Amino acid sequence: MNAETKKRNVIIDCDPGIDDCLALMLALKSPELNILGITTVCGNVPASLGAKNALKILKRCGRLDIPVYVGEEKPLQREYISAQDTHGEDGLGDSGIPEVTETVPFYGAVDFLNRTLAEAERVSVIALGPLTNIALALKKNPESWTYAEAFVSMGGSFKSFGNCSPVAEYNYWCDPHAASYVYRHLPVKTQMIGLDVTRKIVLRPDILEYISQICPEEGEYLRKITRFYFDFHWAQEQVLGCVINDPLAVAYFIDPSLCQGRDMYTDIVTEGIALGQSVCDEMGIWKKEPNSHVLLKTDSVRFMKLFLERIAGAKEPQLSGILKQLYPGETLTGDLSERKGGVG
Ligand code: BDR
Ligand code: CA
């Protein structure tokens, strides 16, 4: 980052969650971001447990100065269904990482979001879990959200199949009423990072091996927290490795050239067999002003370059050589150093 480029203020709303933790690590190691706070919501795990996991990551990255706020423990209307089958009982792959004792999380994520949006300068929100906190904050104080610079949500799917039903992605399926409320009422466009793009982001065993070779301590930590996720993906889909959805939302916020999409009107199904499905009106059939920018394509090689640089301190020229081994036949397009600034 150019020394003169100002860091961008962000709040990360999440449900950590293995891939949320990887996203937090990426954000914490990204000099472009000034993380004002982390808010947690019920999703992969209850919000209070997610806050403990967020603290574990903050401690690991030496950033216990960043406040963590516990948010909503129930979706707006639906019964809460966690994803502990995917992320482990502790939400961190049952890795046994000790709890942080130096500090505790605060309560009141919704008020923290509204207060910060209203008081701090140009704040963006990156949401990596169900949209319950965001919907409640927006209902409580819609004016705060007129100050939001950008809103990125990992969730939904455009043409890809779902991961909770044939058509629904977990974050929107877990609280479809919140997701629908946010899409209908948020004054800024939702940048939808759905399964169409995140499915391309796979942390493979050979990538983990590279991380271990160049940064053994980080490799061991990642192995610990992703083992459960690897096993889940193998049992579920015979995939070697695991799909890491959430880090792409952070990477896209930093460098929007990593994904390409289109503006369209999106709403979320709140009942029936398609519960939680994101319906994106690509053809403008509803004749409504676009409320979302739906990401359709991503450059997974360039994402992985950024991820490896930040997470494991990978460096050129070795990194490009390794990326050629990891992704034979794919060309590395663009250069991160030519970035022109993030989403907003
Ligand atoms: C999303 O659901 C969660 O399990 C992940 O953390 C991610 O945010 C993917 O559907
Ligand atoms: Ca998540």
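All values reported here derive from a predicted model rather than from experimental measurement.

## Observations concerning the overall build of the chain
Moving on, step 1. Along the chain, the regular secondary structure elements total 13 helices and 12 strands.
Moving on, step 2. A compact globule built from 344 residues would reach a C-alpha radius of gyration of about 20 Å, and the chain, at 19 Å, matches this within 12%.
Moving on, step 3. Burial statistics for the chain: of 344 residues in total, 58% are counted as buried.
Moving on, step 4. Only carbon and sulfur atoms are counted for the fraction: they give 51% of the accessible area of the chain, which is about 14,500 Å².
Moving on, step 5. Distance between charge centres in the chain, computed from 35 positive and 45 negative side chains, equals 3 Å.

## Regarding the packing of helix 2 (residues 47-60) against helix 10 (residues 216-237)
Moving on, step 1. Close contact between helix 2 and helix 10 brings their axes to 14 Å; oriented N to C, the two are set at 170 degrees. One element, helix 2, and the other, helix 10, form an angle in the roughly antiparallel class. Along its contact with helix 2, which presents Lys56, Ile57 and Arg60, the element helix 10 presents Glu217, Glu218 and Tyr221.
Moving on, step 2. Residue composition of the contact of helix 2 with helix 10, grouped by class: 2 nonpolar, no polar and 4 charged.

## A short note on the environment of Lys315
Moving on, step 1. Topologically, Lys315 is positioned in the loop between helix 12 (300-312) and helix 13 (318-326).
Moving on, step 2. The spatial distance from the C-alpha of Lys315 to the C-alpha of Lys305 is 9.4 Å, given a sequence separation of 10 residues.

## Considering the UniProt feature "domain: Inosine/uridine-preferring nucleoside hydrolase" (unreviewed entry) in the chain
Moving on, step 1. Under the present numbering, the feature "domain: Inosine/uridine-preferring nucleoside hydrolase" (unreviewed entry) in UniProt falls on residues 10-304.
Moving on, step 2. With 39% helix and 19% strand, residues 10-304 has its two end C-alpha atoms placed 22 Å apart.

## Examining the coordination of the calcium ion (ligand 2)
Moving on, step 1. Protein-derived coordination of the calcium ion (ligand 2) comes from Asp15 (OD), Asp20 (OD), Asp20 (OD), Leu128 (O) and Asp246 (OD), at a distance range of 2.3 to 2.6 Å.
Moving on, step 2. Site description for the calcium ion (ligand 2): donor spacing in sequence, D-x4-D-x107-L-x117-D. With Asp15 in the loop between strand 1 (8-14) and helix 1 (18-28) and Asp246 in helix 11 (residues 246-254), the pair connects residues that are 231 residues apart, well separated along the chain. Just as Asp15 is buried, Asp246 falls in that class too.

## Examining the packing of helix 1 against helix 12
Geometry of a packed helix pair, given as the angle between the helix axes and the separation of the axes.
Moving on, step 1. Relative to each other, helix 1 and helix 12 sit at 70 degrees, their axes nearing to 9 Å. Put simply, helix 1 runs roughly perpendicular to helix 12. Two secondary-structure elements touch here, helix 1 through Leu22, Met25 and Leu26 and helix 12 through Phe303, Phe307, Arg310 and Ile311.

## Things to note about helix 9 (residues 205-214)
Moving on, step 1. Of all the positions in helix 9, only Ile207, Leu208, Tyr210, Ile211 and Ser212 are classed as buried.
Moving on, step 2. Contacts made by the buried residues of helix 9 are with strand 8 (202-203), helix 10, helix 12 and helix 13.

## A few points about the pairing of strand 7 (residues 190-193)
Moving on, step 1. Neither face of strand 7 is open: one carries Thr190 and Met192, the other Gln191 and Ile193, and all of them are buried.
Moving on, step 2. Bridge count for strand 6 (residues 151-154) against strand 7 is 4 bridges, and the pairing is parallel. Across the sheet, Ser153 pairs through a bridge with Met192, a residue of strand 7.
Moving on, step 3. Here strand 7 runs beside strand 12 (residues 292-298); their pairing, made up of 3 bridges, is parallel. Counterpart to Met192 in the pairing with strand 12 is Val294.

About the cut-offs
Residues numbered from 1 in each chain as written. Chains lettered and ligands numbered in written order. Predicted model: local features only at pLDDT ≥ 70, side-chain atom pairs only at ≥ 80, totals over all residues. Heavy atoms only, no water. Helix = DSSP H or I, 4+ residues; strand = E, 2+ residues; numbered from the N terminus. Rg over C-alpha atoms; globule rule 2.2 N^0.38 Å. Buried < 20%, exposed > 50% of the residue type's maximum accessible area, 1.4 Å probe, protein only. Areas by Shrake-Rupley, 256 points an atom, 1.4 Å probe, with all protein chains shown as cover. Lys, Arg positive; Asp, Glu negative; His and termini not counted. Charge placed at Lys NZ, Arg CZ, Asp CG, Glu CD. Axes fitted to C-alpha atoms, helices over the stretch in contact; angles between N-to-C directions. Parallel < 35°, antiparallel > 145°, perpendicular 65-115°, else oblique. Contact = heavy atoms within 4.5 Å. Nonpolar A, V, L, I, M, F, W, Y, C, P; charged D, E, K, R; others polar. UniProt positions renumbered as here; feature names shortened; annotations may be inferred. Donors = N, O, S within 2.8 Å, 3.2 Å for Na, K, Ca; no water. Pairing = 2+ DSSP bridges.

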